[in-house]
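Remarks on the overall topology
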Amino acid sequence: MQNPFSWTGFGQLAFLIAAFAFLLLTGWRWERRRSERKGPARAEIAAFTVTGAWALVVAGTGYATLVAQTFESFRSLAWLSLAFVLFSRDGRHTTVGPIRPVMAALVFVETLQFILLMLNVRYAAHAGAQAMIFQISVLFRLLVATGALVLVHNLYAGAMAQQRIALRWTCIAMATVWGYDLNLYTIAYLARALPVELEAVRGIAQIGVAGLLAIGAVRGRSALRFSPSRAVAFQSLSLLVIGAYMILMVGAAQSLAWLGGNAGQLAQLGFVFVTSVLVLAILPSGRLRGWIKVMLAKHFFQHRYDYRAEWLRFTKTIGRAGTHAPSLHERVVQAVADITDSSAGLLLCQAESGEMVLSARWQWPTIDVPAEAISAERVAFFEKRGFIVDLDELRAGVDHQGEWSAVPKWLVEEHSAWALVPLLHFDRLVGLVVLGRPSIARKLDWEDFDLLRVVGMQLASYLAEHAGQSALLEASRFDEFNRRMAFVMHDIKNLASQLSLLSRNAEKHAENPAFRADMLITLRNSADKLNALLARLSRYGGNSAERVEDVDASEVIHAIAGRYNGPGLVQIHVTHDVPCRVLANREVLEQVVLHLVQNAIDASPDGMAVFLQCSVEGLYGTIEVIDTGCGMSAEFIRNRLFRPFVSTKQGGFGIGAYEAREMVRAMRGKLEVESREGLGSRFTVRLPLAAAQGLINSIEGDATPQGKKVA
């Protein structure tokens, strides 16, 4: 035996103590094996025995001999077997798919050491061959140590918190074995020789490993289940990539050193350039991140989703508040899109007449959505079945529950649309989310459908609650408005009475006949106007239908144009005029058109004309008010234009457009609007023709019973 005060003697003594510790540990575990019919007892005993034999050989022959190197390979294979047995308990090796191929790769690399040992014997007299074999052998040791550390990381970090106690000491021991090997062989590769000092201290590390294993055996074991989170999987994959990158860098550095000269420098510059380009091109790629996430979910986990993480993200998205936060409807779309990693989405909600219209869009400004996105007849399918539609399957001709007839043509032709998710609240369809195609295309499975269905019901409850709160707020503001109007009506009534009295007194006491006649006309006109205003205010909010009669729409638009056009000033142009007799209340129709014309003038720059048109379309007559002003956005038309108490004018009540639409509806007509920002707007009043009254009544009479039957 060497001098114990030298590094070699110290190493031999340390390895001898380590061998004795592992042999004691083996005997103790053998005695306990009879009471442990399950578990990794055999694999532990094999690993302890081989490690003790290796330590004994190193203590007797030294660490650089062929026998010691052979036993070190056996020791590595034994520890890899123990790691695999720990993974395979309760099927964990099948839960984490890449464990088997990674383990097989590490075993294969370790078995290559036996070939290198034979080559070492064959070329024992060749110094250059010996140096090359040494470097390759050390490189293989580094690869095995790195891969084994990745396995240990997965083994411990993937277990649930209460189950890690059973693995803690064994994992620390294995991490010590391969962690020391990683540092030892890294220095050996760079120095091209095994450092004597670190090899001697290696025996002390083995003694520590035996102590850790003894502590773990005393603490006992419990049944283990491997349940890694998504974060652990990403960390493990990152660690594996780092290890592979380190091996690649070492190999590249060695290759460049062998090249030497200018060729080596050029290769280094080229490598740095290519690596930089790849890093800048790949790392920011959302497509690459999406592919990694899909790959991990597919191969590492039994379930696609981490439900705790998904629910936390869902709650955070919906609960976002603040002045800069998007609207609730946009947040609803984002919450659904985040689950499937969709890049964009739409929310369709039911209009008052039952059809689905665009309510919000999220990161999808290019898609063209019709004014009637889904007709009222097709809405019944989603409300009755709550079926989530995979549009790719639909385009391929698959029709599971008759969804082919329910999905509109524009959605089928829009290939960027991926899925339709109905939002149901107590069997009532509140909305429909259209998901855009994710960056990494995949097929929706049962887990996607289950999660989207549950999230859809939750979002539907949020939308229903929001709609209820809006309705209550609107009702309260209507009540406040009615109270205000009561005072206004009282004041106007008093004023009308006073003016009437004044006109009667003027008839009796005015001395100048000409003045008396002029004052009489003026006062009577004022009284008539105030009484008409009083009548309109009294009628506001009532449920009684307007009294309609045969009215010439052409005369109405000419009369309104005459009010605004004077000598030398033409503000209103009648560009199209045909005889058009409609069923309407002339006074109400004039009020509606006057309001639309005044809004068009206010929205247009000074000097820009407003156009009036009158035409006949089928069974209806139309009056169009067209301007070339600032226009309105689709969001404003959808969410604000016809909402009461929302006004863009300073001090306005915000009921003009709402009241105009309600008046037209009371006359059995429609008020439609088309607008483009920066181009202008077109308002269309559509009323039934007087000549077609009988035909319209018969059509509505035939349609009403059918509609009741469908309902």
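Relevant structure appears above.
Anyway, here's the lowdown on the structure attached to this text. All figures in this text were calculated on a predicted structure; none of them were measured in a lab.

Some remarks on the packing of aromatic side chains
- If you walk through the whole model with that rule in mind, you get nine aromatic pairs.
- Ring centres of Trp311 and Phe314 lie 5.0 Å apart, and the angle between their planes is 25°; this geometry places the pair in the stacked category. Linking Trp311 with Phe314, this pair stays in helix H12 (residues 307–318), spanning three residues, or about one helical turn.
- With a relative accessible area of 40%, Trp311 lands in the partly exposed category.
- By relative accessible area, which is 4% here, Phe314 ends up buried.
- One aromatic cluster is present, formed by Phe22, Phe48 and Trp79 through successive ring pairs.
- Above the face of the Trp54 ring, Arg75 is positioned so that its terminal group lies 4.7 Å from the ring centre.
- One residue, Arg122, lies across the ring of Tyr123, its end atom 5.1 Å from the ring centre.

Comments concerning the nonpolar core
- Ranked by size, the top nonpolar core spans 42 residues in total, and within it Leu589, Val597, Leu641 and Val685 carry the most contacts.
- Of all the elements, helix H20 (residues 586–603) adds the most residues to this core, at eight residues.
- Look past the residues within four positions of Val597 in its chain and what remains in contact with it is Ile560, Tyr564, Ile572, Leu612 and Val625.
- Counting residues in each nonpolar core, the second largest holds 41 residues, with Leu25, Leu142, Leu151 and Leu155 among its members.

Describing the pairing of strand E4 (residues 417–425)
- Among the nine residues that make up E4, eight are buried, leaving the element largely enclosed by the rest of the structure.
- Two strands pair when backbone bridges link them, and strand E3 (residues 389–390) and E4 are joined in this way by two bridges, in the antiparallel orientation. Paired with Val389 across the bridge in E4 is Leu420.
- The sheet contact formed by E4 and strand E5 (residues 428–436) spans eight bridges and is antiparallel. Bridging across to E5, Ala419 finds its partner in Leu435.

Rules behind the numbers
- Residues numbered from 1 in each chain as written.
- Predicted model: local features only at pLDDT ≥ 70, side-chain atom pairs only at ≥ 80, totals over all residues.
- Heavy atoms only, no water.
- Phe/Tyr/Trp six-rings, centres within 6.5 Å; stacked < 30°, edge-to-face > 60°.
- Helix = DSSP H or I, 4+ residues; strand = E, 2+ residues; numbered from the N terminus.
- Buried < 20%, exposed > 50% of the residue type's maximum accessible area, 1.4 Å probe, protein only.
- Lys NZ or Arg CZ within 6 Å of the ring centre and 35° of its normal.
- Core = buried A, V, L, I, M, F, W, Y, C linked by side-chain atoms within 4.5 Å.
- Contact = heavy atoms within 4.5 Å.
- Pairing = 2+ DSSP bridges.

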